[in-house]
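Below, each chain spelled out in residue letters.
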Amino acid sequence: MTDTPPTQKTARTLPAWTYHNAELNELEYDAMFRTSWQFACHINDVKNPRDFMTLDLGRDSVIVLRGEDGELWAFINACSHRGARVLDGSGQCKARLTCPYHGWSYHLNGALAGRPAEATFSGTDKSTLGLRAVDLEVICGLVFVRIVPGGVSLKEMWKDTIHLIEPYRLEEMVPLSEPWVDHWNCNWKVGVDNNLENYHVPIGHPGYHRLLDSDITGFINAHGVAGSKSTLRPQLSSNWAERMYQTMAPRLNSDLPAEVHNTWMFFTMPPNIGLDIYGDSMDLFQFLPATASTCSVRYPIYVRPDARREMKVLRYLNARINRQVSAEDKMLCERVQSGLNSYGFEFGPLSSYEHCIHDMHNRVRAACPVTQLDAAPAVGTLRQRNEEMLAA
Ligand code: FES
Ligand SMILES: [Fe+2]
């Protein structure tokens, strides 16, 4: 892990056009989202046999389910007959998954179980017609899926960082509610950029700044997992909710190791996932591209099972503080998008406090080399130009 950038001499943001270009938005989805680990759910969202969740991601949808034997499976949510979506939302499935179109049914391991009018399908090998499996990996109780197989494992990605998370015992947490989904008027990268630096905290988040002593530089590993540690300030905030949180959290978190009683950890996992970890709870920000200049933000919250009344109060305070911070981040990101859309802004310099953004932008430049161009390619030529640059 490094907390200092190699050199900031040439560090500058991606050019503004990359934040509002429809062809690039499509390319990024193929090159960066389908090939990366995406958060699906927590193991306790699918705790019992036959529990399932679906993750809608761009043009794709993935089913995560727990089989009768307790094993977790992940499949593309498209029937092998003519492609209909098989499941919606979340819940408990039956012993077979049945497509609502013509009734093809699948075992919970994805294998095709049966289809009406079997004799009319001549020459097809049923064993090849199961639901298409996708990569699935669980880390600290968090279930991730990867649509296009291959690439580095989650374990490898988090290898030198996981020790910072393990003390919070995320695997014991349970969902607080259904994931909340919000819509931000900015490109998904604006949201991720914002998550990757604490330079904006003193000005952009006065509440956080009163509450927390933030590591303004943060750290990043070779796989782009970035993080920062913030500690509750010993000096009590002038705001009542923050002050109560400061007072209560260390005491109520006393069953966790002492080093995390009053510590909040913020992580970003490329390309699009923020993880915020507190003693009492955790939340995720999963930025999902919509149009080139809008995104949706999937925001699930998980809490430690703890029936104490005071813990309920602590979680309320946390939610109150973080709701405000999310609103501030959304407003700031939408202001950035407005500037990126306008004439006269091409790119900007990055501070050494923003070295994690520099790393992320280099990942975008590597996956989609066309983003190295200062101006957008002519309409209709972006994919081809990108192919040429990849080949060069
Ligand atoms: S599309 Fe699923 S059974 Fe026909
Ligand atoms: Fe922020």
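Let us look at the structure shown here. None of the values given here were measured: they were computed from a predicted structure.

## Describing the overall build of the protein
Step number 1: Looking only at helices and strands, the protein features nine helices and 20 strands.
Step number 2: By its C-alpha atoms, the protein is 75 × 60 × 35 Å across when sized along the principal axes.
Step number 3: Expressed as a percentage of the 392 residues in the protein, the buried residues total 42%.

## Observations concerning unusual backbone geometry
Step number 1: With an omega of 5°, the peptide bond between Pro270 and Pro271 qualifies as cis.
Step number 2: One can find Pro271 in the loop between strand S16 (263-269) and strand S17 (273-277).
Step number 3: Here the phi dihedral of Arg169 falls at roughly 50°; this positive angle occurs in a residue that is not glycine.
Step number 4: Relative to the helices and strands, Arg169 is located in the loop between helix H2 (154-157) and strand S11 (174-175).

## A short note on the nonpolar core
Step number 1: Membership of the largest hydrophobic core comes to 97 residues, with the highest contact counts inside it found for Ala40, Val62 and Val64.
Step number 2: Counting residues domain by domain, this core receives three or more from each of domain 1 (1-34 + 173-374 + 382-392) and domain 2 (36-150).

## A word on the packing of helix H1 (residues 22-33) against helix H9 (residues 382-391)
Each pair of packed helices can be summarised by the angle the axes make with each other and by the distance between the axes.
Step number 1: Two elements in contact, H1 and H9, have axes whose closest approach is 9 Å; the angle formed by their N-to-C orientations is 50°. Between H1 and H9, the crossing angle belongs to the class labelled oblique. Residues Glu23, Leu24 and Leu27 of H1 form the contact with H9, whose participating residues are Leu382, Arg383 and Asn386.
Step number 2: Its residues placed into classes, the contact of H1 with H9 shows three nonpolar, one polar and two charged.

## Topic: the sheet that holds strand S9 (residues 135-139)
Step number 1: Read across the sheet, three strands follow the order S1-S10-S9 without closing on themselves; strand pairing throughout is antiparallel. Bordering the open sheet on either side are strand S1 (38-42) and S9, each of which pairs with just one other strand. Going across the sheet, the axis of each strand differs from the next one's by a mean of 30°, ignoring polarity.
Step number 2: Bridge count between S9 and strand S10 (residues 142-146): five bridges; the pairing is antiparallel. Each bridged residue has a counterpart across the sheet, and for Glu137 the counterpart in S10 is Phe144.

About the thresholds
Residues numbered from 1 in each chain as written. Chains lettered and ligands numbered in written order. Predicted model: local features only at pLDDT ≥ 70, side-chain atom pairs only at ≥ 80, totals over all residues. Helix = DSSP H or I, 4+ residues; strand = E, 2+ residues; numbered from the N terminus. Buried ≥ 20, exposed ≤ 12 C-beta atoms within 10 Å, placed from the backbone. Core = buried A, V, L, I, M, F, W, Y, C linked by C-beta atoms within 7 Å. Domains from an automatic or database assignment. Axes fitted to C-alpha atoms, helices over the stretch in contact; angles between N-to-C directions. Parallel < 35°, antiparallel > 145°, perpendicular 65-115°, else oblique. Contact = placed C-beta atoms within 7 Å. Nonpolar A, V, L, I, M, F, W, Y, C, P; charged D, E, K, R; others polar. Pairing = 2+ DSSP bridges.

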